[in-house]
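Geometric and topological summary
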Amino acid sequence: MRRTIFLVLALVGCGGGSSEPDASVPTNDASIDQTALEAGSDADSAPPIVIPAACNGSKASTATAATSLPDVPAAIKVPAGFTIEVVASVGQARELAPLPNGDLLVATNGSSIEIIPNAEADGAPGKAQKFADAPDAYPQGIAYAPTTCTIYLGTTAGIYSTTYADAQLTGTFTAPIAKVRQGSVTPNSDGDVHKTTSVAYSNGKLYAGVGSGCNACTEVDPTRATIQMMDADGANMTTRGARMRNAIALATNPATGTVWAGGAGQDDVCNNDPSACSSGIGHPYEYFDALTLHASPADYGWPSCEENHNPFGASADCSQTVAPLIELPAYSTLIGAAFYEPPSGATHAFPSSYAGGVFIAAHGSWHTAADNGFAASPLVVFVAMNGDTPKVPVDWNDPTKQWTGFVTGFQDPGTQTRHGRPTGVAVGSKGSLFVADDANGLVYRIRPM
């Protein structure tokens, strides 16, 4: 269902607050919530979107133009009819958040959050600069809430926020509005401890994807391997998605308000020992799914269940787990995603065939050899959509059927030679597609010719 959006200029205040994580144990009820199906989100209904005057995109930033930007690595390609160029050099670039005036925020796995002024400029973009110091380790999750002029940041231990106004090039993240990973790593952890937190905003709610403390275990910290949902000020945090090993790629479908999440399956289950699961080599697939269309908390089954209610281990009951809507090959490692819904009249809008679809950045496996049925090669894929329904349904025998490669060439075919690894994805205010690459420390801008 497509929502009708009303834009109203108004001054809206922004609140603050904090809460401790909900320690409740998630249930296995993952049935489809009919109310959510109709509303397209956790909200009972979608209110008109009110855009505050302070951040309506009418004021451009003043910044020094970027010079001497490097070329795009020659191997990296986009489809015929598109161009790709570098708009910034940002070390360890991860998630991206577009701002209404054409600037672009870049979260990193370093010590700062960067901003690219005038990333949507028809001329040269502004030179990337530090927007804020990182208040905590691994500040890779970034999101922007247009209705409250608020920027959200996810780190290892917390969720932070700061208010924003058009052309603002610096900000400060102080005390966290919510905390995650406050408990210990599970005693039977295998050492595969995930430390990043992704964030997304929709209909007055904030979502945080918190990675697990292991490859395959039963967590003792109630926030690990979950997606937490909370109020915009961080209050009333509760588990919205459960048993998700590492839900890094979070994205809101702007046409419906539905929050989608990409999940990484556990490593080495079938590749090392095919008898450990019924599916065989090349499993579990990795997924991208409409989280908020499921009853809460949506149970994705890790580590006991994956894919289409498939058990990974003896006597696992997978009857109530989620069967995701979009699948990619094992080891794809989905880092970023963005639905393609540019503003009306966007000067760099993609052809209509891309409208409503979703771009997903697959970072690629830590394996560099594409053997045993998993995906080693990094790329950005495109999935055509009808609202929140993929135009091509899941084929549980082929995780390549639903998508096409859009940004390719990050790894040479048949070799272990890589030329980059995509991370964040964002759609700018003029319709450009932005892709971050943490291996090269670059941010690319893609436009139709």
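Please read these numbers as outputs of a predicted model, since none were measured by experiment.

Here's the deal with the nonpolar core
- Counting residues in each nonpolar core, the largest one holds 24 residues, and the members touching the most others are Phe350, Phe359, Phe406, Val407, Leu433, Tyr444 and Ile446.
- Of all the elements in the fold, those that place two or more residues in this core are strand E3 (82-89), strand E24 (358-362), strand E25 (379-383), strand E28 (404-407), strand E29 (422-427), strand E30 (433-437) and strand E31 (442-448).
- Excluding residues within four positions of it along the chain, phenylalanine 350 makes contact with Phe82, Tyr340, Phe359, Phe406, Gly431, Leu433, Ile446, Arg447 and Pro448.
- Core analysis: the second largest hydrophobic core is formed by 19 residues, Phe288, Ala337, Phe339 and Leu379 among them.

Here's the deal with the confidence of the model for the chain
- Chain-level statistics for the chain give a pLDDT mean of 88 and a share of 84% at 70 or above.
- In this model residues 1-31 is a low-confidence stretch, pLDDT under 50, and it forms 82 contacts with partners more than four residues away in sequence or in other chains.
- A low-confidence stretch, residues 33-40 stays under pLDDT 50, and its non-local contacts, those more than four residues away or across chains, total 17 contacts.

Description of the state of the cysteines
- Counted under the stated rule, the structure contains 3 disulfides.
- Across the disulfide from cysteine 214 sits cysteine 217; the S-S distance is 1.9 Å. Here the disulfide of cysteine 214 and cysteine 217 is left-handed, its torsion about the S-S bond being about -80°. The residues cysteine 214 and cysteine 217 share a single accessibility class, namely buried.
- With its sulfur 2.1 Å from that of its partner, cysteine 305 forms a disulfide with cysteine 318. Its torsion about the S-S bond being -85°, the disulfide of cysteine 305 and cysteine 318 is classed as left-handed. Residue cysteine 305 is located in strand E20 (residues 305-306), and its partner cysteine 318 is located in the loop between strand E21 (310-311) and strand E22 (326-328); the two are separated by 13 residues in the primary sequence. Across the pair, exposure class does not vary: cysteine 305 and cysteine 318 are buried alike.

Focus: the sheet that holds E28
- An order of E23-E24-E25-E28 is seen for the 4 strands of this open sheet, with the pairing classed as antiparallel. Two strands close off the open sheet at either side, each with one partner strand: strand E23 (334-339) and E28. Going across the sheet, the axis of each strand differs from the next one's by a mean of 30°, ignoring polarity.
- Two elements, E25 and E28, share 3 bridges in a ladder whose sense is antiparallel. What sits directly across from valine 380, in E28, is valine 407.

Rules behind the numbers
Residues numbered from 1 in each chain as written. Predicted model: local features only at pLDDT ≥ 70, side-chain atom pairs only at ≥ 80, totals over all residues. Heavy atoms only, no water. Core = buried A, V, L, I, M, F, W, Y, C linked by side-chain atoms within 4.5 Å. Buried < 20%, exposed > 50% of the residue type's maximum accessible area, 1.4 Å probe, protein only. Helix = DSSP H or I, 4+ residues; strand = E, 2+ residues; numbered from the N terminus. Contact = heavy atoms within 4.5 Å. pLDDT = per-residue confidence, 0-100. Disulfide = S-S within 2.5 Å. Pairing = 2+ DSSP bridges. Axes fitted to C-alpha atoms, helices over the stretch in contact; angles between N-to-C directions.

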